[in-house]
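# Structural overview for review
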Amino acid sequence: MNTEKVEGKFDQVAGKIKQRVGEAVGSQKLANAGAAEQIKGAAKETWGHAKDAANAVNDDSQARAHVEGESFKARAEQKAHDVRESVTSTAQNVKDKVNEKLDNIKQKHQN
């Protein structure tokens, strides 16, 4: 719970007390001040709640970005590995075919 929520609750309670005292002693000014303090407290509490929600969304977004970043990194590393395997396999196949052709040429000219 953040300070705005706590302060808001406190202001609401204090405002309620002021309002009741003002009504009990017949002071419209004190009763109105109490009502205004309750409204101020409700606004503070709501602002604190909004900040909590924004922080929760932010925390969740950062956690998801980290997980997605790790997942992206793993996929990128796997893709790089796959490309290296494909390139080296292709090079090996080309070498084998070239050597086979060269061996055929050598055999034709040795006989």
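Structure: above.
Presented here is a report on the structure given in the accompanying data block. (Residues numbered from 1 in each chain as written. Predicted model: local features only at pLDDT ≥ 70, side-chain atom pairs only at ≥ 80, totals over all residues. Heavy atoms only, no water.)

Glancing now at the pattern of salt bridges. Should the charged atoms of two oppositely charged side chains come close, the side chains can pair. Here the structure, examined in full by the defined rule, presents six salt bridges. Taking the shortest distance from any N to any O, the salt bridge between Lys51 and Glu4 comes out at 2.9 Å. Of this pair, Lys51 sits in helix α2 (residues 28–110) while Glu4 sits in helix α1 (residues 3–25), placing them 47 residues apart in sequence. Classification of Lys51 as partly exposed rests on a relative accessible area of 30%. Residue Lys18 pairs with Glu37 through a salt bridge whose shortest N-O separation is 2.7 Å. Highlighted residues: Lys18 in helix α1 and Glu37 in helix α2, separated in sequence by 19 residues. (Salt bridge = Lys/Arg side-chain N within 4 Å of Asp/Glu carboxyl O. Helix = DSSP H or I, 4+ residues; strand = E, 2+ residues; numbered from the N terminus. Buried < 20%, exposed > 50% of the residue type's maximum accessible area, 1.4 Å probe, protein only.)

Take α2 next. Helix length check: α2, at 83 residues, gives a terminal C-alpha distance of 121 Å against a target of 123 Å (1.5 Å per residue), a fit within 8%. Taken residue by residue, α2 has Ala31, Gly34, Glu37, Gln38, Gly41 and Gly48 as its buried positions. Where α2 is buried, its residues contact α1. (Expected span 1.5 Å × (residues − 1). Contact = heavy atoms within 4.5 Å.)

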